[in-house]
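Chain residues, written in single-letter form:
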Amino acid sequence: MSADITKMRNIGISAHIDSGKTTLTERILFYCQKIHAIHEVRGKDGVGATMDSMELERERGITIASAATNVNWKGHDINIIDTPGHVDFTIEVERALRVLDGAVLVLCSVGGVQSQSITVDRQLKRYGVPRIAFVNKSDRTGANPYKVCDQLREKLNLNSVMMQVPIGLEEKLEGVIDLVRMKAIYFDGHDGESIRIEEIPEALKAEADERREMMLDAVSMFNEEIMEHMMEETEIPEELLHETIRKAVIAQDLVPVYLGSAYKNKGVQEMMDAVLRYLPAPPDVENKALDLDNDEAEVVLPSDRSKPPVALAFKLEDGQYGQLTYIRVYQGIVKKGSELINVRNGRKFKVGRLVRMHSNNMEDIVEAPAGDIVALFGIECASGDTFCSPDLNLSMTSMFVPNAVISLS
Ligand code: GDP
């Protein structure tokens, strides 16, 4: 059985250096139960020192070793694609961005939008990647998620909107108020594993009401029914809100902002829920390619399993067991044992070992459908090559350049 692509997300975690991308990725792996033991990471600021440097290296190795890591969150397959946080716009960054369908923009609650965040965001815009934002380090002195949300508007020209109100801030950060559900969510325990949902505390009611109003003002621009509910002061169905936000995010007209502290294990799970709710699944994204043999005519690559396969090799990696080629499948199904052709040089090859990379192991699979990100073993190719079925007319597909164009399905 190949994966259900409506329950798949291909995301990048984009951030400037030091905003906590590595820590956040580790937490995601932890909550997705890929890493079973969480360690406090020794901070550059000297906080938390339960992990020695060897362990730290190993643990970090797990997170950042693969170009794409598959995790499961609430019945969904999430491929986390490593998006190098380079300031320079390199071909490597470009390829990683090309295979993403969505991104989490990570910012520091104290530092806010910095010059590197501007670069990262510009890259996401160039590739039309829909995003949500996570204001990390909200446990630090001077944390101000609202200010960061405003900076996203002012400095990055994003239609950002706070989806949460912090319960306590800085070292007193306990949880968040979810402005859709209008509930207080507390992250308890050292690992933040248990989540307690309660009524909004009295002292925060006015702030929550005011922030919900702001959120609804932003969201209602995309849906008249919500506007009518607001005018008539009738209850807005949660599903209607979610669906409206999702469409606006996919159209890149809205950036919902979440807050928390990866380091203190707070807010990560809520942000992951937002990934499932608002970032697109592969069929929500229309991918187009340019046919360079035909005046760069646009060719649509539907995430349709019945079509002949087309895939892009976006990263080569020397692994323990030989060279791995990471591919994103754009159309059809890539099957183990089937024949593909490298359109750059016309060479045919057989798909040998096909694997899905997890943080700590790899899983042999027999097929990968359109939308999926997997790796092939032992293929001679270059990064950026396109593979397709020999049944496709070579002149038509020669040098396919997948070029993600977002549109709603
Ligand atoms: P990256 O460079 O973006 O991958 O950032 P790291 O994950 O390496 O984190 C940079 C520093 O910030 C490290 O010292 C982390 O321990 C620290 N850090 C990460 N997340 C948080 C957070 O939520 N709160 C605080 N206080 N520190 C954090």
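Residues numbered from 1 in each chain as written. Predicted model: local features only at pLDDT ≥ 70, side-chain atom pairs only at ≥ 80, totals over all residues. Heavy atoms only, no water.

### Description of the sheet that holds strand β7 (residues 164–167)
Right, on to step 1. What the four strands build is an open sheet, ordered β7-β8-β9-β10; its pairing is antiparallel. The open sheet has two edge strands with one neighbour each: β7 and β10 (194–198). Direction aside, the axes of adjacent strands within the sheet are offset by 25 degrees on average.
Right, on to step 2. Taken together, the five bridges between strand β9 (residues 183–188) and β10 define a ladder with antiparallel strand orientation. Opposite D188, over in β10, you have S194 as the bridge partner. (Pairing = 2+ DSSP bridges. Helix = DSSP H or I, 4+ residues; strand = E, 2+ residues; numbered from the N terminus. Axes fitted to C-alpha atoms, helices over the stretch in contact; angles between N-to-C directions.)

### Structural notes on the packing of aromatic side chains
Right, on to step 1. If you walk through the whole model with that rule in mind, you get three aromatic pairs.
Right, on to step 2. Ring geometry for F314 and Y326: centres 6.1 Å apart, planes at 50 degrees, overall tilted. Highlighted residues: F314 in strand β14 (residues 310–319) and Y326 in strand β15 (residues 322–331), separated in sequence by twelve residues.
Right, on to step 3. Judged by its relative accessible area of 5%, F314 is buried.
Right, on to step 4. By relative accessible area, Y326 is classed as buried at 1%.
Right, on to step 5. Ring geometry for F349 against F387: centres 4.9 Å apart, planes inclined by 75 degrees, an arrangement best described as edge-to-face. Of this pair, F349 sits in strand β18 (residues 347–350) while F387 sits in strand β23 (residues 386–388), and the two are 38 residues apart along the sequence. (Phe/Tyr/Trp six-rings, centres within 6.5 Å; stacked < 30°, edge-to-face > 60°. Buried < 20%, exposed > 50% of the residue type's maximum accessible area, 1.4 Å probe, protein only.)

### Concerning the nonpolar core
Right, on to step 1. Ranked by size, the top nonpolar core spans 100 residues in total, and within it L24, I28, I78, L152, I177 and M271 carry the most contacts.
Right, on to step 2. Discounting residues that sit within four places of it in the chain, L24 has contacts with I13, V106, F134, A262, V268 and M271.
Right, on to step 3. Counting 16 residues, the second largest nonpolar core, distinct from the first, contains F349, L354, A368 and V374. (Core = buried A, V, L, I, M, F, W, Y, C linked by side-chain atoms within 4.5 Å. Contact = heavy atoms within 4.5 Å.)

### Considerations on the sheet that holds β14
Right, on to step 1. Pairing within the open sheet is antiparallel, and its eight strands lie in the order β18-β17-β23-β14-β15-β22-β19-β20. Since the sheet does not close on itself, it has two edges, and those belong to β18 and β20 (362–364), each with one partner. Shown here is a sheet whose adjacent strand axes are inclined to one another by a mean of 40 degrees, direction ignored.
Right, on to step 2. Looking at chain direction, strand β17 (residues 339–342) and β23 are connected through two bridges and run antiparallel. Following the sheet pairing, N342 is matched in β23 by F387.

### Overview of the side chain of S160
Right, on to step 1. Note that S160 resides in strand β6 (residues 160–162).
Right, on to step 2. Those residues in contact with S160 that lie beyond four places of it in its chain are C149, L152, R153, V255 and V257.

Everything listed here is a matter of geometry and, on its own, says nothing about what the molecule does.
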